[in-house]
Amino acid sequence: PVVGPLFRYANLFTMLSGATSIGTLATDFTAALEDRAVRAIVLSVDSPGGEVNGIAELAAMIMAARDRKPVYAHVGHSGASGAYWLASAAEKVFVAPTALVGSVGAVMTIRDTRKVDEARGIRTIEIVSSQSPDKRVDPTTDAGLSKLQAVVDRLGEEFVAAVARQRGVSVEKVLADFGKGGLLVGADAVKAGMADGVSTLEAVIASLSSTGSPAGGSVRNFTPRAAAAASSEMTM
């Protein structure tokens, strides 16, 4: 399962709120990959994305695993931003009819509380080393905003390039057809090349576990370690 907001490390928040830790997910994915009883892996995705930290590394791990076992992804409701970055690394991507797919791009959010602080009599003074003038740029100025925009654009380039590589298409196609930062619904995502078909999770699992398929055999449900205490391994 790739469920809820994505964070780099596990903590009490991720355990209680239904979020996914990239670190824990990588550990679980590796366990499934190394387990000889597991013949195929399905990423069950329902996530709006999250932190960029760790996403590129895990996506590379997922893509490399395709040479060892079939790795499919299924987007049940939302496979957006970092969640799509991960899903697109799978060999095949399937989506539910109403799944929201895309949001390919990077976002930086800065909250400006200076006026509120001023009204409350709070004044914050920062002293930045003279050797590092860009360590604290002012986003309210054109120059500062331009520097931050360059960082976001660079992260966006990495995202687009990764999706193009993982889906086996050109960067130009991703930029033109993969939603331009927006979301595509179900069959529209398939038509654009972002996914390979409309299906249910159960049908994807059945196709991989059917007799005679390369992934024939039983299906094991790997749950995140944070949920291990509350659920046991299931055989379908």
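Bear in mind that the values here come from a model prediction, so they are computed numbers and not experimental data.

Caption draft 1: Main features of the packing of aromatic side chains. The final tally for this structure, using the stated rule, is 2 aromatic pairs. Where Tyr72 meets Phe94, the ring centres are 5.7 Å apart and the plane angle is 50 degrees; that geometry is what we call tilted. Linking Tyr72 in strand E5 (residues 71-80) with Phe94 in strand E6 (residues 92-95), this pair joins segments that are 22 residues apart in sequence. Comparing Tyr72 with Phe94 shows no difference in burial state: the two are buried. Summarising the aromatic geometry, the rings of Trp85 and Phe159 are spaced 4.6 Å apart at their centres and angled 15 degrees between planes, so their arrangement reads as stacked. Note that Trp85 is positioned in helix H4 (residues 82-87) and Phe159 in helix H6 (residues 142-167), a separation of 74 residues in sequence. This pair shows no difference in class: Trp85 is buried, exactly as Phe159 is.

Caption draft 2: Local environment of helix H3 (residues 55-65). Every buried residue of H3 is listed here: Ile55, Leu58, Ala59, Ile62 and Ala65. Each buried residue of H3 sits inside an arc of 120 degrees when the element is viewed along its axis, so together they form one side. Against the buried residues of H3 lie strand E2 (6-7), helix H2 (22-34), strand E4 (41-47), E5, H4 and H6.

Caption draft 3: Seen up close, the packing of H2 against H3. As a packed pair, H2 and H3 sit with axes 10 Å apart at the nearest point and diverge in direction by 10 degrees. Relative to H3, the element H2 is oriented roughly parallel. Packed against H2, whose contacting residues are Ile22, Leu25, Ala26, Phe29, Thr30 and Leu33, the element H3 presents Ile55, Leu58, Met61, Ile62 and Ala65 at the interface. Looking at the contact of H2 with H3 residue by residue, the class counts come to 10 nonpolar, 1 polar and no charged.

Caption draft 4: Geometry of the confidence of the model for the protein. Of the residues in the protein, 86% have a pLDDT of 70 or more, and the chain-wide mean is 87. Residue range residues 211-218 is modelled with pLDDT below 50. Its contacts to residues more than four positions away, or to other chains, number 13 contacts. In this model, residues 224-236 is a region of pLDDT below 50 whose contacts with residues beyond four sequence positions or in other chains number 16 contacts.

Rules and cut-offs
- Residues numbered from 1 in each chain as written.
- Predicted model: local features only at pLDDT ≥ 70, side-chain atom pairs only at ≥ 80, totals over all residues.
- Heavy atoms only, no water.
- Phe/Tyr/Trp six-rings, centres within 6.5 Å; stacked < 30°, edge-to-face > 60°.
- Helix = DSSP H or I, 4+ residues; strand = E, 2+ residues; numbered from the N terminus.
- Buried < 20%, exposed > 50% of the residue type's maximum accessible area, 1.4 Å probe, protein only.
- Arc of directions from axis to C-beta.
- Contact = heavy atoms within 4.5 Å.
- Axes fitted to C-alpha atoms, helices over the stretch in contact; angles between N-to-C directions.
- Parallel < 35°, antiparallel > 145°, perpendicular 65-115°, else oblique.
- Nonpolar A, V, L, I, M, F, W, Y, C, P; charged D, E, K, R; others polar.
- pLDDT = per-residue confidence, 0-100.

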